Amino acid sequence: MEYTFQWRPVMRQLPDLLEAGFMTLQVSILAMILGTVIGLALALVRMNAPWQVRWLATTWIEVARNTPALFQLFFFGFGLGAFGINLSPFVIVLSGLTFNTAGYLAENFRGGFQAIPDTQLKAARSLGMSASQSYIRIIIPQVFRIIYHPMTNQMVWVVLMSSLGMLVGFRELTGETQFFASRTFRIFEYFMVTAIIYYFIVKIILGLSKLIAWRLFRY
Amino acid sequence: MIEVKNIHKNFGDLHVLKGIDLTVKKGEVVCVIGASGSGKSTLLYCINGLEKIQKGEVFVNGVSVHAKGTDINKLRQNLGMVFQQWNSFPHLTALENVALSPRIVKKMSKKEANETAKKQLIHVGLEDKLNVYPSALSGGQQQRLAIARALAMDPEYMLFDEATSALDPELVGEVLDTMRLLAKEGMTMICVTHEMSFARDVSDRVAYFHEGVMEEIGPPEQIFGKNPKSENTKKFLTNIR
Ligand SMILES: Nc1ncnc2c1ncn2[C@@H]1O[C@H](COP(=O)(O)OP(=O)(O)O)[C@@H](O)[C@H]1O
Ligand SMILES: [Mg+2]
């Protein structure tokens with residue numbers, strides 16, 4: 001069978017694809033922000049809280065890191081759906097990505113905290129800073145620098161992982177592509193163009209990450 | 001006045017401080033000497049509450065450090081501490097290192113805090129390093145930065161824990177000079193040190209620690225003279241000479 005490339009249908013839908021790409025970026029950034037906040041909390045709980053609370057954080061981290069991301073997404077979609085909790089595709093994808101990201105980043109944070117000598121905390125406390133002031137002003141900023149590259153990697157991973165959203169009916173980039181591709185049968189062309197869009201999204205993220213690092217980490 | 005009253009400190013089964021009594025009056029400089037592991041650092045940590053104690057009491061200006069109701073953060077403002085490891089905050093410039101706690105602990109305005117910081121950086125001779133990050137400072141400069149940072153809280157007391165032990169020999173002098181300057185200005189200081197000539201010069205009293213016990217305390221002439229009261233003091237000083 002001969003396959004002749006036809007790019008015109010794809011190009012016609014390009015604005016839609018770009019819009020879907022924007023949706024991908026949106027859900028990824030949100031998941032990253034929520035995942036960072038929760039991941040930090042999980043790490044702190046895992047390191048400091050009594051076991052009654054700690055096991056919860058440990059379980060979250062273990063499940064997030066050791067089960068397929070797809071299953072985690074399905075949990076928030078079909079899993080909760082089985083209990084009559086029906087979330088919108090956007091919320092399902094956001095929840096799944098956040099769950100996964102929080103688990104991964106929690107481990108990064110933990111490593112980061114361990115890399116800071118405990119004398120930094122002692123020095124801060126000896127100046128009269130409270131424990132929370134010491135963490136917010138002295139420890140956590142240094143931890144962020146240590147885990148900045150792993151965080152950038154996670155962000156890229158989130159963007160690529162968001163393509164799983166297609167499977168719970170989310171019209172992000174991959175979902176949208178699938179929809180058009182199956183309607184026009186120009187499957188190869190569509191996924192080719194979409195791959196390029198993903199590529200650029202990732203490149204933009206990496207570029208921004210460099211810029212932010214340059215701005216933040218002057219030392 | 002700092003009053004240490006019969007304090008005991010255990011790390012698990014390890015009995016590190018075995019009933020220490022020490023009173024340091026305003027304006028006094030007390031140097032603490034003794035072998036590594038004898039409990040000198042732990043004593044300082046117990047004085048500013050960075051370590052808990054199992055028995056005894058510590059008073060700073062009459063306030064009990066380890067009592068339940070004590071505002072330890074407030075109390076620590078009055079007790080500057082300089083550690084063996086240079087603890088500059090690497091993500092902050094020299095000025096920010098010093099200005100941070102006046103601003104967030106003492107609630108000074110940014111301008112006021114920066115002025116205080118600048119004054120103390122000049123005090124320790126770092127006036128040309130205000131906007132430099134610690135990574136660009138030598139160990140001696142970082143240690144002087146740590147001194148300025150503690151002084152910016154305007155403490156009545158300074159605790160030094162082997163401030164020069166981690167430094168290259170050629171950098172020890174500048175830090176000792178800064179400490180001498182403080183002593184001359186009348187700062188009340190407890191200095192754990194291995195620098196015997198420093199201890200001899202600036203101390204009003206020298207305390208010798210041996211395995212968690214303060215074996216002897218007295219004026220430098222007594223400790224460093226021909227006949228210290230304790231045989232262990234004599235042995236220690238002979239060995240390090
Ligand atoms: N956080 C700690 N946990 C357990 N043991 C400690 C701790 N800090 C100090 N020690 C022990 O307490 C003893 C006294 O230590 P330290 O006060 O640091 O002695 P020095 O400052 O005189 O060298 C040592 O045996 C040391 O190993
Ligand atoms: Mg020590």
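In what follows, the structure referred to is the one given above.
Sequence order sets the numbering: in each chain, residues are counted from 1 along the sequence as written. Following the order in which they are written, the chains are lettered starting with A and the ligands numbered starting with 1. In keeping with the model being predicted, local features are shown solely for residues with a pLDDT of at least 70 and side-chain atom pairs are shown and tallied solely at 80 or more, while totals for entire chains, interfaces and linings include all residues. As a rule here, side-chain values come from all non-hydrogen atoms in the structure, and water together with hydrogens is ignored.

Colleague: Go over the overall build of chain B, please, and point to the residues and values.
Modeller: Comment: elements are numbered from the N terminus, with helices defined as DSSP H or I runs of at least four residues and strands as E runs of at least two. Of the regular secondary structure elements, chain B holds nine helices and 10 strands. Atoms counted for the radius of gyration: C-alpha only. Globule rule: 2.2 Å times residue count to the power 0.38. Here chain B has a C-alpha radius of gyration of 18 Å; the compact-globule value for 241 residues is 18 Å, and the two agree. Principal axes of the C-alpha set define a box for chain B whose edges measure 55 × 45 × 30 Å. When a residue's accessible area, from a 1.4 Å probe over protein chains only, is under 20% of the maximum for its type it is buried; when over 50% it is exposed; and in between it is partly exposed. Here chain B holds 241 residues, and the buried ones make up 57% of them. Note on areas: these come from Shrake-Rupley sampling with a 1.4 Å probe, and a residue is covered only by the protein chains present in the view. For chain B, the accessible area works out to roughly 10500 Å², and carbon and sulfur atoms hold 49% of it. Within chain B, one finds 30 positive and 29 negative side-chain charges whose respective centroids are separated by 3 Å. For the purpose of charge, His is not counted, nor are the chain termini; Lys and Arg are scored as positive and Asp and Glu as negative. All charge positions are set by atom: Lys at NZ, Arg at CZ, Asp at CG, Glu at CD.

Colleague: Lay out helix 4 (residues 110–123) of chain B in plain terms, naming residues and giving numbers.
Modeller: All names here are of chain B. With 14 residues, helix 4 extends 20 Å between its outermost C-alpha atoms, agreeing within 8% with the 20 Å of an ideal straight helix rising 1.5 Å per residue. Within helix 4 the residues assigned to the buried category are Ala113, Thr116, Ala117, Gln120 and Leu121. Mapping the buried residues of helix 4 onto a view down its axis gives an arc of 135 degrees, with all of them on the same face. Exposed residues pointing more than 90 degrees away from the buried face of helix 4 are listed as Lys111 and Lys119. Close packing links the buried residues of helix 4 with helix 3 (94–104) and helix 5 (139–151). Phi turns positive, to about 80 degrees, at Gly125, one or two residues after helix 4. Helix span, expected: 1.5 Å multiplied by one less than the number of residues in the helix. By definition, the arc is the one covered by directions from the helix axis to the C-beta atoms. Note on contacts: a residue pair qualifies if any of its non-hydrogen atoms lie within 4.5 Å across the two residues.

Colleague: Outline the packing of helix 2 (residues 14–48) of chain A against helix 8 (residues 148–161) of chain A, listing residues and values.
Modeller: All names here are of chain A. It is the contact of helix 2 with helix 8, at a shortest axis distance of 9 Å, that shows an interaxial angle of 140 degrees. With respect to helix 8, the axis of helix 2 lies oblique. As for how helix 2 packs across helix 8, the hand of that crossing is right-handed. On helix 8, the residues touching Thr24, Ser28, Ile29, Ala31, Met32 and Thr36 of helix 2 are Met151, Gln154, Met155, Val158 and Val159. All residues other than Ala, Val, Leu, Ile, Met, Phe, Trp, Tyr, Cys, Pro, Asp, Glu, Lys and Arg, Gly among them, are scored as polar; the first ten of these are nonpolar and the last four charged. A class-by-class count of the residues in the contact of helix 2 with helix 8 yields seven nonpolar, four polar and no charged. Here the axes come from fitting lines to C-alpha atoms, over the contacting stretch only for helices, and the angles between their N-to-C directions go from 0 to 180 degrees. To sort the angles, those under 35 degrees are grouped as roughly parallel, those over 145 as roughly antiparallel, those from 65 to 115 as roughly perpendicular, and the leftovers as oblique. Whether a crossing is left-handed or right-handed is set by the direction in which the near helix is turned from the far one by less than a right angle, anticlockwise for left-handed and clockwise for right-handed.

Colleague: Explain the site of ligand 1 to me, using residue names and the numbers behind them.
Modeller: Residue and element names in this part refer to chain B. Taken together, Phe11, Leu14, Val16, Ala35, Ser36, Gly37, Ser38, Gly39, Lys40, Ser41 and Thr42 make up the full set of residues adjacent to ligand 1. Polar contacts, as counted here, are pairs of nitrogen or oxygen atoms within 3.5 Å of one another; within protein the pair requires one atom able to donate a hydrogen and one able to accept it, and residues that are adjacent in sequence qualify only if both atoms are side-chain atoms. Lys40 is positioned such that a nitrogen or oxygen atom in its side chain is 2.8 Å from an oxygen atom of ligand 1. In the complex, 60% of the free accessible area of ligand 1, which totals 560 Å², lies under the protein chains. Those elements that place two or more of their residues in the shell around ligand 1 are strand 2 (14–24) and helix 1 (40–47). In terms of residue class, the shell around ligand 1 is built from four nonpolar, six polar and one charged. To be near a molecule or strand, a residue needs just one of its heavy atoms within 4 Å of it.

Colleague: Help me get a handle on the nonpolar core, residues and values and all.
Modeller: Side-chain atoms within 4.5 Å are what join buried Ala, Val, Leu, Ile, Met, Phe, Trp, Tyr and Cys residues into a set we call a nonpolar core. Core analysis: the biggest nonpolar cluster contains 71 residues, and Met129(A), Ile2(B), Val4(B), Ile7(B), Leu43(B) and Ile47(B) have the highest contact counts within it. For this core, the element with the highest residue contribution is helix 10 (residues 187–216) of chain A, accounting for seven residues. Setting aside anything within four residues of it in sequence, one finds Leu43(B) in contact with Val4(B), Ile7(B), Leu17(B), Ile20(B), Leu22(B) and Phe209(B). In this structure, Val82(B), Leu137(B), Ala163(B) and Leu182(B) belong to the second largest nonpolar core, which totals 47 residues.

Colleague: So what's going on with the pairing of strand 3 (residues 29–34) of chain B? Which residues, and what values?
Modeller: Residue and element names in this part refer to chain B. Taken across its six residues, strand 3 has six buried, putting it largely inside the fold. One requirement defines pairing of two strands: DSSP has to find at least two bridges between them. With four bridges connecting them, strand 3 and strand 8 (residues 188–192) associate as parallel partners. Pairing of Val30 across the sheet is with Ile190, part of strand 8. As paired strands, strand 3 and strand 9 (residues 205–210) are joined by five bridges and run parallel to one another. Residue pairing for strand 9: Val32 is matched across the bridge by Ala207.

Colleague: Outline the interface of chain B and chain A, supporting the account with residue identities and numerical values.
Modeller: On the chain A side, the residues contacting the 27 residues of chain B number 18 residues. Defined here as a combined quantity, buried area equals the accessible surface (1.4 Å probe) lost by two parts on assembly, summed across both. Both sides of the chain B and chain A interface together cover about 2000 Å² of buried area, and 64% of this is carbon and sulfur. The three residues of chain B that bury the most area against chain A are Phe89(B), His91(B) and Ile104(B), which together make up 28% of that side's buried surface. Put simply, a salt bridge is a Lys or Arg side-chain nitrogen that is within 4 Å of an Asp or Glu carboxyl oxygen. Summed over the shared surface of chain B and chain A, the number is zero salt bridges. Connecting chain B to chain A are five residue pairs in polar contact (both at pLDDT 80 or more). For the side of chain B that touches chain A, the elements supplying multiple residues, two or more each, are helix 2 (72–77), strand 6 (79–82), helix 3 and helix 5 of chain B. Broken down by class, the residue content of the side of chain B that touches chain A amounts to 15 nonpolar, eight polar and four charged.

Colleague: Lay out the packing of aromatic side chains in plain terms, naming residues and giving numbers.
Modeller: To pair, rings of Phe, Tyr and Trp, with the six-membered ring standing in for Trp, must have centres within 6.5 Å; the planes then decide the type, stacked if under 30 degrees apart, edge-to-face if over 60, and tilted in the middle. For the structure on display, the rule yields 16 aromatic pairs over all chains. Ring centres 5.6 Å apart and planes at 85 degrees place the aromatic pair Tyr199(A) and Phe200(A) in the edge-to-face group. Taking the centre distance of 5.1 Å and the plane angle of 40 degrees together, the rings of Tyr208(B) and Phe236(B) count as tilted. On the criterion of sequence distance, the pair formed by Tyr208(B) in strand 9 and Phe236(B) in helix 9 (residues 231–240) is long-range, its members being 28 residues apart. Exposure remark for Phe236(B): the relative accessible area of 11% places this residue in the buried category. Here the aromatic cluster, defined as three or more aromatic residues joined through ring pairs, consists of Trp60(A), Phe75(A), Phe76(A) and Phe99(A). Here the basic side chain of Arg171(A) rests over the ring of Phe179(A), its NZ or CZ set 4.2 Å away from the ring centre. The criterion is that NZ of a Lys, or CZ of an Arg, lies within 6 Å of the ring centre and within 35 degrees of the ring normal, and then a charge sits over that ring. Stacked on the ring of Trp214(A), the Lys or Arg Arg218(A) has its end atom at 5.0 Å from the ring centre.

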